[in-house]
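# Overview (structure and organization)
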Amino acid sequence: MSVAAVIGAQWGDEGKGKIVDLYAQRADYVARYCGGANAGHTIVLAGKKFKFNLMPSGALYPGKTNVIGNGCVIDPKRLLDEITEVKAAGITPTLLISGRAHIVLPYHFELDGAEEEKKGDLAAGTTRRGIGPCYSDKAARFGIRASDLLSQDALSKKLEKMHDLKVKQLGIYGKTFNLGYKDVLSQYSGYGRLLSPYIGDATFALFSAISKKKNVLLEGAQGAMLDIDHGLYPFGTSSNTTAGGACTGTGIPPKKIDEVVGVVKVYTSRVGAGPVPTELNDATGQKIRDKGDEYGTVTRRPRRIGWLDLVTLRYSTWINGFTGIAFTRLDTLAGFDEVKICTHYELDGKKIDFMPQTQEEFARCKPVYKSFKGWLDMPEKEWKAFAKKGYAALPKEARDYLEFISKDIGVPMYIVSVGPGREDTIVLKDVFAK
Ligand code: GDP
Ligand code: IMO
Ligand code: MG
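Residues numbered from 1 in each chain as written. Chains lettered and ligands numbered in written order. Predicted model: local features only at pLDDT ≥ 70, side-chain atom pairs only at ≥ 80, totals over all residues. Heavy atoms only, no water.

This brings us to the overall build of the protein chain. When you go through the protein chain residue by residue, the secondary structure sums to 13 helices and 20 strands. In terms of overall dimensions, the protein chain is globule-like: its C-alpha atoms have a radius of gyration of 21 Å, near the 22 Å expected for 434 residues. Projected onto its principal axes, the C-alpha coordinates of the protein chain cover approximately 65 × 50 × 40 Å. Burial status across the protein chain gives 59% buried among its 434 residues. Contacts spanning at least 24 positions in sequence make up 76% of the contacts within the protein chain whose residues lie at least 6 apart. Accessible surface, the protein chain: about 17900 Å² in total, of which carbon and sulfur atoms supply 52%. Once the 60 positive and 50 negative side-chain charges of the protein chain are each reduced to a mean point, those two points are 4 Å apart. (Helix = DSSP H or I, 4+ residues; strand = E, 2+ residues; numbered from the N terminus. Rg over C-alpha atoms; globule rule 2.2 N^0.38 Å. Buried < 20%, exposed > 50% of the residue type's maximum accessible area, 1.4 Å probe, protein only. Contact = heavy atoms within 4.5 Å. Areas by Shrake-Rupley, 256 points an atom, 1.4 Å probe, with all protein chains shown as cover. Lys, Arg positive; Asp, Glu negative; His and termini not counted. Charge placed at Lys NZ, Arg CZ, Asp CG, Glu CD.)

As a structural note, the neighbourhood of ligand 2 is formed by 23 residues, with Lys-16, His-41, Ala-124, Thr-127 and Thr-237 the closest of them. The separation between an oxygen atom of ligand 2 and a polar main-chain atom of Asp-13 is 2.8 Å. Here an oxygen atom of ligand 2 sits 2.8 Å away from a polar atom, N or O, in the side chain of Asn-38. Coverage of ligand 2 by the protein amounts to 98% of the 550 Å² it exposes when considered alone. (Near = heavy atom within 4 Å. Polar contact = N/O pair within 3.5 Å; in protein donor to acceptor, adjacent residues only side chain to side chain.)

What follows covers the side chain of Arg-304. For Arg-304, the location among the structural elements is in strand S13 (residues 304–306). Polar side-chain contacts of Arg-304 include one of 2.8 Å to the backbone oxygen of Gly-274. Discounting chain neighbours no more than four positions away, the residues touching Arg-304 are Thr-268, Ser-269, Arg-270, Gly-272, Ala-273, Gly-274, Pro-275, Val-276, Glu-279 and Arg-289.

Inspection of the secondary structure puts Leu-79 in helix H2 (residues 76–88). You can call Leu-79 buried: its relative accessible area is 0%. When the C-alpha atoms of Leu-79 and Glu-259 are compared, they prove to be 28 Å apart, with 180 residues separating the residues in sequence. Sequence-distant contacts of Leu-79, that is, excluding residues within four places in its chain, are made with Leu-54, Met-55, Ile-68, Ile-74, Leu-95, Ile-97 and Leu-195.

Partitioning the protein chain into domains gives domain 1 (3–92 + 201–427) and domain 2 (102–195). Computed over C-alpha atoms, the centres of domain 1 and domain 2 are 29 Å apart. Between domain 1 and domain 2, the residue contacts involve 31 residues of the former and 21 residues of the latter. Between domain 1 and domain 2, the buried area comes to about 2000 Å², and carbon and sulfur atoms account for 63% of it. For domain 1, the biggest contributors to the area lost against domain 2 are Val-73, Pro-76 and Leu-80; these three give 27% of the whole. In this assembly, domain 1 and domain 2 are joined by zero salt bridges. The interface formed by domain 1 and domain 2 contains eight residue pairs in polar contact (both at pLDDT 80 or more). Elements represented by at least two residues in the side of domain 1 that touches domain 2 include exactly strand S6 (73–74) and H2. A per-element tally of the side of domain 1 that touches domain 2 places H2 first, with six residues. For the side of domain 1 that touches domain 2, the residue count by class is 13 nonpolar, 13 polar and five charged. (Domains from an automatic or database assignment. Buried area = accessible area lost by both parts, 1.4 Å probe. Salt bridge = Lys/Arg side-chain N within 4 Å of Asp/Glu carboxyl O. Nonpolar A, V, L, I, M, F, W, Y, C, P; charged D, E, K, R; others polar.)

Printed below as a string of structure tokens:
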């Protein structure tokens, strides 16, 4: 038995969905621990694409228990749509929603937009999925939790108070809210009825699973640089996306987690606002964007592209305690004569090799690069052949590039991904192997 976490090491969209789906093969439980429908996790199975916002990425295997942990915030309508989508694919998902997870309400969407407008150049460019306002209410202890959807009394009492407050809050931003308290109550009571078979005590279920020596896979959302505490404040999200969040967002104690796999895209991508020192606002960036179809899974916004940044990756490795790395997108970065890695920054004339504390300092950081020889591009079927032949068969230039990163951060490679499909993967270590 083992407990393993799969965590975004950069700015999100590293390919966590694909890696979780792969490792889920031998997992008994797959649990999301943070975020909500701001996440967009893509799984490509037999050529068919699934994009999950809330459904854990173990959903495509029948018989696994998919948990939405207490650290998540749930848009019930979207989750119900995803349940329908999985059922349409011929799979009845086993889903367990923590009664302690918080519920995103209609006001949260409105407030997300209103707050972003007000913040101006400090706006993070959110996904407008109501994430920040929902976590704000959780912290202020105004929140409505999944367990409240099971009791008409609890829901109506809490919702009535909240409705009044939120309408006033929206008024501060000059916004009106057209749904009445009764409309919201009836809408969310309806969601509660539909979700009631899935809502339960996920903390106890995971405790029982670990006591019975089951394999548990914890699925991160977002990435280290978006963490509310450790990320690039205020341009990140509103939850702890890093390894600590895997504990608080599920109730699994730190000493029970055996493996922490950092998913590292071999270059940088970022959706949203704020400084990105290695950003490529040029033809190279555009080429990577086009080649990799780098457009947001949730919002379809073009992702900002840059060279790999070791400064933030070193920091991310430290705060997450990675035991292994899953590299993704080796195929996308192919076909360049030269590729670069940022090894350190220059900040106000000084060399630094660890992430600074403030976004103001971060914005002044100038990347310093080491150049590497690029590797040849190949048709998709040749990449698929590499997945079968294994790591040693990869082009030497690509291996040199990956080994430089792995050595610098002192973390071994567990996976090298060379395409979006489950089969396009070189697995060097399976976290659940006996
Ligand atoms: P997540 O949020 O971390 O799960 O990542 P997303 O699903 O938002 O974005 C990752 C994208 O990269 C998806 O379209 C994946 O199908 C795709 N992907 C993952 N690994 C690879 C890879 O090794 N090569 C290629 N070409 N695409 C990949
Ligand atoms: P996955 O799990 C990439 C970014 C948004 C914005 C900031 C805050 O697919 O990797 P929010 O809506 O959370 O309040 O937005 O965080 N963001 C993501 N970027 N991948 C994600 O998730 C993200 N989730 C949030 O673009 O800058
Ligand atoms: Mg994504």
